[in-house]
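# A look at the structure
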Amino acid sequence: MARGTSDLSELDQEKYDADERVKIICLGDSAVGKSKLMERFLMDGYRPEQLSTYALTLYKYTTTVDGKAVLVDFWDTAGQERFQSMHPSYYYKAHACIMVFDVQRKITYKNLANWYKELREYRPEIPCIVVANKIDADLKVTQRNFNFAKKQGLPLYYVSAADGTNVVKLFKDAIKLAMSYKQNSNDFMDEVMRELENFELEQKEETSDKEDNVSKEEKDQLP
Amino acid sequence: MEYVAKRCGVKFDPPSIVLVYEDGKTKKMRQRIMPVRNFSKFSDCSLAAERLKSNARHSAYLQGVSLQQLERLHGVLRDRLRGHTLEQSLAELRPDPDQDLNKLSDEELARRKAHMDVLFERNRKRKDDPDFVYDLEVEFPEADDRGTCSWDESEDGF
């Protein structure tokens, strides 16, 4: 793929099938504050894992939802957004999406449409939250409606990574949404992917059967 | 403080940083011109700013001037050496809010992020601040009570 990053598909993502694991992805333009939001939520407790060859940062977080321990992997871009598009593996098996724009820069709001379109190509059903960040710069924006969220039927959160307004609530709600999606998912794309996987498995089995037969015949011919 | 910095600027010929300050003892306004030496269009502005700020002869006067400001002023001097006009380099310092930052080089993006970090740090609530609240929830008007946003009133049918 014509990108400055290695192929993300080398990463093991099967782990996200386990009941107690969820994957939440962050989307949005450069410098809208995605990493600053992550850091504000996790405070000192965060252990970011820089996967620079993939232009990706992983933040691991442990919490309990309904009395059950849950491991959350937050996926944050590390410059990959500058290709105006993410590698398909970024979306693969994600259970929720946090989509951020900067209330001080109109273009980051306009670009939400592109991010959302790409998200829905890969994950048509996962919950998605729209985040208006940097409200500390101009509190008046909280009296304004941002039509994109309403039009797409998505929740809109007014937050500030600097002073902390609604940051923790945002992430807690995202985790809840990811968990409930996971428990109730009959995502069409998931079904298709599963079918495809099964199909590949069946094909492999068929070929290995043939090989077995050949070796058997060879054995039969042996004196 | 012995010298109270009031204003800081540049002089192109020879390349210098100019400081207007008040002398704490005499209460008189004074001007100090600090030539920037060994500086070319290939120089690193943050290194040059640090060098000036820690200069034995100037550091006492530059106590009240931030490293970021000195760095920006060195940027203006370097832009001049690269043949840019003053208007061009000032325009870069006053960022265009409609610019698509996805399309900038690493260096330019880092510069823009540093610029945004000034506001971030100013508004930042830290864990050891007395009024810090980790889970700070603020309710804003419900969607129906909010006014429309001018960003939605454009021709592209967004």
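Basis of the calculations
- Residues numbered from 1 in each chain as written.
- Chains lettered and ligands numbered in written order.
- Predicted model: local features only at pLDDT ≥ 70, side-chain atom pairs only at ≥ 80, totals over all residues.
- Heavy atoms only, no water.
- Helix = DSSP H or I, 4+ residues; strand = E, 2+ residues; numbered from the N terminus.
- Buried < 20%, exposed > 50% of the residue type's maximum accessible area, 1.4 Å probe, protein only.
- Contact = heavy atoms within 4.5 Å.
- Areas by Shrake-Rupley, 256 points an atom, 1.4 Å probe, with all protein chains shown as cover.
- Pairing = 2+ DSSP bridges.
- Axes fitted to C-alpha atoms, helices over the stretch in contact; angles between N-to-C directions.
- pLDDT = per-residue confidence, 0-100.
- Core = buried A, V, L, I, M, F, W, Y, C linked by side-chain atoms within 4.5 Å.
- Salt bridge = Lys/Arg side-chain N within 4 Å of Asp/Glu carboxyl O.
- Phe/Tyr/Trp six-rings, centres within 6.5 Å; stacked < 30°, edge-to-face > 60°.

### Observations regarding the overall build of chain A
On a plain count of helices and strands, chain A comes out with seven helices and eight strands. Taken across its 223 residues, chain A has 51% of its residues classed as buried. Taking the contacts inside chain A whose residues are at least 6 apart along the sequence as the reference set, 73% of them involve residues at least 24 apart. Per element, the accessible surface of chain A, about 10900 Å² overall, is 49% carbon and sulfur.

### Some remarks on the sheet that holds strand β6 (residues 128-133) of chain A
All names here are of chain A. Here we have seven strands laid out as an open sheet, ordered β2-β3-β4-β1-β5-β6-β8, and mixed in their pairing. In this open sheet, the two strands that pair with only one neighbour each are β2 (48-51) and β8 (156-158). Between one strand and the next, the sheet's axes are offset by a mean angle of 25°, whatever the strand orientation. Two strands pair when backbone bridges link them, and strand β1 (residues 21-27) and strand β4 (residues 68-77) are joined in this way by five bridges, in the parallel orientation. Note that in β4 the partner of V22 across the bridge is V72. Here helix α4 (residues 112-122) sits on the sheet in contact with β1, β5 (96-102) and β6, set at roughly 170° to β5. Sheet strands touched by helix α6 (residues 167-184): β1, β3 (56-65), β4, β5, β6 and β8. Its angle to β1, the strand with the most contacts, is close to 125°.

### What about the side chain of R21(A)?
Within the secondary structure layout, R21(A) lies in strand β1. Sequence-distant contacts of R21(A), defined by excluding residues within four places in its chain, comprise K15(A), Y16(A), K60(A), L71(A), D73(A), H95(A) and K182(A).

### A short note on the confidence of the model for chain B
In the predicted model, chain B carries a mean pLDDT of 88, and the fraction of residues at 70 or more is 96%. In the model output, the complex is listed with pTM 0.69 alongside ipTM 0.74.

### Points about the nonpolar core
Formed by 69 residues in total, the largest nonpolar core has its most connected members in F74(A), M99(A), F101(A) and F146(A). Of the residues forming this core, the biggest block, nine residues, is contributed by α6(A). Ignoring anything within four residues of it in the chain, the contact list for F74(A) reads I24(A), M38(A), F41(A), T57(A), L58(A), Y59(A), Y61(A), F171(A) and I175(A). Counting 18 residues, the second largest nonpolar core, distinct from the first, contains Y21(B), A49(B), L52(B) and Y61(B).

### Observations concerning the pairing of β6(A)
A regular strand carries its side chains on alternate faces of the sheet. Residues and elements named next belong to chain A. Here β6 lies mainly inside the structure; six of its six residues are buried. Because side chains alternate across β6, one face comprises the buried residues C128, V130 and A132, and the other comprises I129, V131 and N133, equally buried. Across six bridges, the pairing between β5 and β6 is parallel. In the strand pairing of β6, F101 is matched with A132. Pairing of β6 with β8 involves three bridges; the strand directions are parallel. Of the residues in β8, the one forming a bridge with A132 is Y158.

### Comments concerning the pattern of salt bridges
Two side chains bearing opposite charge may form a pair once their charged atoms approach each other closely. Here the structure, examined in full by the defined rule, presents 17 salt bridges over all chains. The partner of R82(A) in a salt bridge is D106(B), with the nearest N and O atoms 2.8 Å apart. One end of the pair, R82(A), is in the loop between β4 and α2 (88-91); the other, D106(B), is in helix α4 (residues 106-123), on a second chain. When its relative accessible area of 58% is taken as the criterion, D106(B) is described as exposed. Here R105(A) makes a salt bridge to D102(A), at a shortest N to O gap of 3.2 Å. When its relative accessible area of 4% is taken as the criterion, R105(A) is described as buried. Here the residues in one salt-bridge network are R21(A), E49(A), K60(A) and D73(A), joined through shared partners.

### Considering the sheet that holds strand β2 (residues 16-23) of chain B
All names here are of chain B. If you walk across this open sheet you meet the three strands as β1-β2-β3, and the pairing is antiparallel. At either end of the open sheet lies a strand with only one pairing partner, and these are β1 (3-11) and β3 (29-35). Within this sheet the neighbouring strands show an average axis-to-axis angle of 25°, counted without direction. Where β2 and β3 come together, seven bridges link them in antiparallel fashion. Bridge assignment links E22 to a residue of β3, and that residue is M29. Lying over the sheet, helix α2 (residues 67-81) contacts β1 and β2, oriented at roughly 20° with respect to β1.

### Some thoughts on the packing of aromatic side chains
Within the structure shown, the criterion is met by 20 aromatic pairs over all chains. When the ring of F74(A) is compared with that of F171(A), the centres are 5.3 Å apart and the planes differ by 90°; the resulting orientation is edge-to-face. Highlighted residues: F74(A) in strand β4 and F171(A) in helix α6, separated in sequence by 97 residues. Overall, F74(A) belongs to the buried group, its relative accessible area being 0%. Residues Y158(A) and F140(B) carry aromatic rings whose centres are separated by 5.8 Å and whose planes lie at 70° to one another, so their mutual orientation is edge-to-face. Of this pair, Y158(A) sits in strand β8 while F140(B) sits in the loop between α4 and β4 (147-148), placing the two residues on different chains. Across the pair, exposure class does not vary: Y158(A) and F140(B) are buried alike.

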